[in-house]
Amino acid sequence: MLLDGTDPADVQRAAELLAAGELVAIPTETVYGLAARADDDAAVAKIYAVKGRPVGHPLIVHVAAPDESAAFATDVPEVAQRLMRAFWPGPVTLIVPRAAGKGDAAAAGQGTIGLRCPSHSVVRALFAAARQLGVPGLAAPSANRFGRISPTRAAHVVDEFGDALVVLDGGACDVGIESTIVDCTRGYPVLLRPGMIARERIEAAAGEPLREGDAEAPRAPGTLAAHYAPKAKLRLMPQQMLTSALQLLGDEPLKLAVYSRSVPLGTARGVRHRRMPLRPDQAAQELFNTLREFDAEGAQLIWVEEPPEDPAWDGVRDRLQRAAAS
Ligand code: TXA
Ligand code: MG
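The rules behind the values
Think of each chain on its own: its residues are numbered from 1, step by step along the sequence as written. Both sets of labels track the order of writing: A upward for chains, 1 upward for ligands. Local features in this predicted model are restricted to residues of pLDDT 70 or higher, and side-chain atom pairs are both shown and tallied only at a pLDDT of 80 or more, whereas totals for entire chains, interfaces and linings draw on every residue. Each side-chain value is worked out from all heavy atoms of the structure, with water and hydrogens disregarded. To get an axis, fit a line to the C-alpha atoms, keeping to the stretch in contact for a helix; angles then go from 0 to 180 degrees between the N-to-C directions. The helix and strand labels rest on DSSP assignments: H or I over at least four residues marks a helix, E over at least two residues marks a strand, and numbering proceeds from the N terminus. Handedness of each helix crossing follows the sense of rotation of the near helix against the far helix: counterclockwise by less than a right angle gives left-handed, clockwise gives right-handed. The contact rule is simple, with two residues in contact once any of their heavy atoms fall within 4.5 Å. Only strands joined by at least two bridges in the DSSP assignment are considered to pair. Put simply, a residue is near a molecule or strand once any heavy atom of it comes within 4 Å of that molecule or strand. Any N or O atom pair separated by 3.5 Å or less is treated as a polar contact, with the protein-specific requirement of one donor-capable and one acceptor-capable atom, and with residues adjacent in sequence counted only for side-chain atom pairs. In this description, accessible areas are obtained by the Shrake-Rupley approach with a 1.4 Å probe, and a residue is regarded as covered only by the protein chains that are shown. In this classification, Asp, Glu, Lys and Arg are treated as charged, Ala, Val, Leu, Ile, Met, Phe, Trp, Tyr, Cys and Pro as nonpolar, and every other residue, Gly included, as polar. Accessible area is worked out with a 1.4 Å probe on protein chains only. A residue is then buried under 20% of its type maximum, exposed over 50%, and partly exposed in between. A pairing counts as a salt bridge when a side-chain nitrogen of Lys or Arg comes within 4 Å of a carboxyl oxygen of Asp or Glu.

> I tried to follow the packing of helix 8 (residues 280-296) against helix 9 (residues 314-325) on my own but got confused; where do I start?
Between two packed helices, the angle of one axis relative to the other and the distance separating the axes together describe the packing. Close contact between helix 8 and helix 9 brings their axes to 9 Å; oriented N to C, the two are set at 30°. The handedness of the crossing between helix 8 and helix 9 comes out as left-handed. Here Pro280, Ala283, Ala284, Leu287 and Phe288 of helix 8 come into contact with helix 9, specifically with Val316, Arg319 and Leu320.

Structure, rendered in structure tokens:
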């Protein structure tokens, strides 16, 4: 069922459902989330069940403001405080030490918790209504079935879970790929997942360089082979290889979709072609919707031109590499 995120009565309804321990899919500036109140382990357990997410894989808890982190976190490191001041509300998740007994199910039993303060106006209104009802924060993974592409529109969430799930419609997400995740629990900041906030900006705000990590590294071993995967088989290729591969295609009907910045030769023979935007922020914004459209059109293969080496493309490149690896 769709609720209208611009209608205060619908936002109130969503807040009431969440307060009562029900699931509601919510818009954020990055992607849609499948939310439950984070202080209710039974409500959070429904997320794992509906999504098919392996137990042991922690969820991000969304809070309305930096000081509301205190409901879930303790001894928040200096570097995390600096990143909160610089980027919240916004598309940055911080892993910090967890307060004992708070958000147990959301954290999947870990001693740390991932916190994020989203900026989307609909979720801001939802937080205001939910706070009145005593909800301290919302646990929410991306609102897709486990291993599939994150949803960036309300219709994508309906495609994933059907009409029974309540979805608060906030339109198309601005950022389009998931938040940047920085682990602040190791004494130095570690980039677990690149997003759309430039690395230099994070390092400038942190006051030190970021080291590398991996948010998708299996916490429940062997369960994460297919992440961010469209139904079609995706291949990532340099522009020259893409051009050659297209020239080698025969005339046999092939359900092939091509996503590239250049217009390659050979896209005439029934091959679907879409232009990848030249700007990384625009490419991120439409990436998951484009992959879903190719799937909906029945593509069996998706050939994607590798994005530029530039660090501004790190987030988009990361999602494409994961989709290609599955
Ligand atoms: O933009 C986003 O981050 C979206 C929106 C809905 O906020 N959420 C999202 O959640 O992408 P999800 O569950 O699909 O990805 C969360 C990532 C996972 O890779 C998980 O391993 C990591 O965050 N994570 C969460 N809590 C963690 C923790 N305590 N320690 C390490 N990694 C954690
Ligand atoms: Mg996800």
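> Where do I start with the sheet that holds strand 14 (residues 272-275) in this structure?
Hydrogen bonds between backbone atoms are what pair the strands of a sheet, whose relative direction is either parallel or antiparallel. With parallel pairing, 4 strands are arranged side by side in an open sheet as 12-15-13-14. Two strands close off the open sheet at either side, each with one partner strand: strand 12 (233-237) and strand 14. On average, each strand axis in the sheet is tilted by 20° relative to the strand beside it, whichever way the strands run. Sheet topology note: the strand 13 (residues 256-260)/strand 14 ladder contains 4 bridges and is parallel. Residue pairing in the sheet places Tyr259 in a bridge with Arg274 of strand 14. Helix-sheet contacts for helix 8 involve strand 12, strand 13, strand 14 and strand 15 (301-305), and the interaxial angle to strand 13 is about 175°. In the packing of helix 9 onto the sheet, contacts are made with strand 12 and strand 15, and the angle to strand 12 comes to roughly 130°.

> What's the story with the site of ligand 1 in this structure? I'm lost.
Within the structure, ligand 1 sits among 25 residues, and Thr30, His62, Arg116, Ser179 and Arg193 are positioned closest to it. His62 is positioned with one of its side-chain polar atoms (N or O) 2.6 Å from an oxygen atom of ligand 1. Separating an oxygen atom of ligand 1 from a side-chain N or O atom of Ser142 is a distance of 3.0 Å. Out of a free accessible area of 680 Å², ligand 1 has 97% covered by protein chains. Of all the secondary structure elements, the ones that give two or more residues to the shell around ligand 1 are strand 4 (60-62) and strand 6 (112-116). Split into classes, the residues belonging to the shell around ligand 1 amount to 11 nonpolar, 8 polar and 6 charged.

> Looking at this structure, I do not really get the environment of Thr185. What am I missing?
For Thr185, the position within the fold is in the loop between strand 9 (180-183) and strand 10 (190-193). With relative accessibility at 30%, the residue Thr185 sits in the partly exposed group. Note: C-alpha distance between Thr185 and Val92 (93 residues apart in sequence) is 15 Å. Residues contacting Thr185, with those up to four places away along its chain left out, are Ile95, Val96, Pro97 and Thr112. Polar side-chain contacts of Thr185 include one of 2.7 Å to the side chain of Asp183.

> It is not clear to me how the pattern of salt bridges should be interpreted in this structure. Could you clarify?
Any two side chains of opposite charge can pair, given that their charged atoms come close. As enumerated under the stated definition, the model contains 21 salt bridges in all. Its salt-bridge partner being Asp183, residue Arg186 comes within 2.8 Å of it at the nearest N-O pair. You can call Arg186 partly exposed: its relative accessible area is 41%. Of the residues examined, Asp183 reaches a relative accessible area of 6% and is grouped as buried. A salt bridge links Glu212 to Arg199; its shortest N-O distance comes to 2.8 Å. Of this pair, Glu212 sits in strand 11 (residues 211-212) while Arg199 sits in helix 6 (residues 199-206); the two residues are 13 residues apart in sequence, bridging distant segments of the chain. In this structure Arg199 comes out as partly exposed when scored by relative accessible area, which is 24%.

> In this structure, what is going on with the environment of Leu94? I would like to understand it.
Note that Leu94 resides in strand 5 (residues 92-97). Put simply, Leu94 and Arg116 are 22 residues apart on the chain and 6.5 Å apart in space, counted from C-alpha to C-alpha. For Leu94, the residues in contact, after removing those within four places along its chain, are Ala80, Leu83, Met84, Trp88, Ile113, Gly114, Leu115, Val182 and Cys184.

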